[in-house]
Amino acid sequence: SMDNMAYSVIAAVSKNGGIGYKGDLPWRIKKEMEYFNRMTTQVNQSGLQNAVIMGRCTWQSIPDKYRPLKGRKNVVISKTLNVVPEGVLLFPNLKEAIKSLYLNDHIEKLWVIGGSGLYNEAINDKNCKKLYITKIDQEYLCDTFFPDFDLKEFEEINETNVPKEVQEDNGIKYEFKVFKRL
Ligand code: FOL
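Residues numbered from 1 in each chain as written. Predicted model: local features only at pLDDT ≥ 70, side-chain atom pairs only at ≥ 80, totals over all residues. Heavy atoms only, no water.

*Asks:* In this structure, what is going on with the pairing of strand S4 (residues 72-77)? I would like to understand it.
*Replies:* Of all six residues that make up S4, five are buried, and the element is covered over most of its length. In this structure, strand S3 (residues 49-55) lies alongside S4, joined through six bridges in parallel fashion. Each residue of the ladder has a partner; that of Met54, found in S4, is Val76. Handedness of the crossover joining S3 and S4 through helix H2 (residues 56-61) is recorded here as right-handed. (Buried < 20%, exposed > 50% of the residue type's maximum accessible area, 1.4 Å probe, protein only. Helix = DSSP H or I, 4+ residues; strand = E, 2+ residues; numbered from the N terminus. Pairing = 2+ DSSP bridges. Right-handed = clockwise from strand over helix to strand, strands pointing away.)

So this is what it looks like as structure tokens:
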């Protein structure tokens with residue numbers, strides 16, 4: 001059914017709501033990045049892969065050595081970009097991407113991984129069922145921000161595989177949160 005077009009958002013957000021600065025992440029938190037890698041890669045059914053869906057700026061922000069993100073179907077949303085490496089999918093908008101992945105590809109989970117434009121579209125779309133938000137307990141100089149979302153539309157939940165404890169890396173404290181759409 002079209003309910004299989006459900007997808008999730010994953011983001012790391014600073015205390016001042018930031019997600020990026022000058023085309024890069026505002027921070028370097030290795031263990032947090034490993035959490036992103038693990039969450040977006042892990043599957044239940046063997047043989048399937050997850051898809052990571054991102055805007056052009058997010059695609060261009062990933063270091064060459066990690067791009068395309070391994071073990072995941074990489075999907076870029078752009079109306080201007082013409083070329084992507086072999087195996088990477090390019091779509092003009094999020095709806096077309098999700099519909100095509102659902103109809104044409106054997107994908108387990110769909111993850112929207114940024115940036116702010118795609119996050120904004122996702123949080124206002126009922127097919128976006130969950131938000132995996134890492135709250136970083138520090139302020140950073142940022143020029144891109146996670147959009148405000150209506151907390152009345154979501155409830156915080158606990159999930160196996162998502163540590164509840166406060167994390168700390170190089171003196172930077174952060175917490176993994178999961179929100180489910182009501
Ligand atoms: N969500 C969370 N929780 N943290 C993030 O850092 C994050 N970043 C993005 C989207 N959602 C996020 C977008 N930016 C890479 C780089 C930038 C990026 C996303 C991913 C990247 O290079 N990832 C590799 C790193 C592997 C590693 O260091 O372990 C990957 O394979 O996932």
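*Asks:* What is the right way to look at the site of the ligand in this model?
*Replies:* In the vicinity of the ligand, 18 residues are found, and the nearest of them are Ile10, Glu32, Phe36, Arg72 and Ile113. Ile10 has a polar backbone atom sitting 3.2 Å from a nitrogen atom of the ligand. Between the ligand and Arg72, the relevant distance is 2.7 Å, taken from an oxygen atom to a side-chain nitrogen or oxygen of the residue. Protein burial of the ligand: of its 670 Å² of free accessible surface, 92% is covered by the chains. Broken down by secondary-structure element, the contributors of at least two residues to the shell around the ligand are strand S1 (7-14) and helix H1 (30-41). At five residues, H1 tops the list of elements feeding residues into the shell around the ligand. Classifying every residue of the shell around the ligand by side-chain character gives 12 nonpolar, three polar and three charged. (Near = heavy atom within 4 Å. Polar contact = N/O pair within 3.5 Å; in protein donor to acceptor, adjacent residues only side chain to side chain. Areas by Shrake-Rupley, 256 points an atom, 1.4 Å probe, with all protein chains shown as cover. Nonpolar A, V, L, I, M, F, W, Y, C, P; charged D, E, K, R; others polar.)

*Asks:* What exactly am I supposed to notice about the environment of Gly55 here?
*Replies:* Secondary-structure assignment places Gly55 in strand S3. When its relative accessible area of 10% is taken as the criterion, Gly55 is described as buried. Spatially, the C-alpha atoms of Gly55 and Lys73 are 14 Å apart, while their sequence positions differ by 18 residues.

That's the geometry; what it means functionally is another story.
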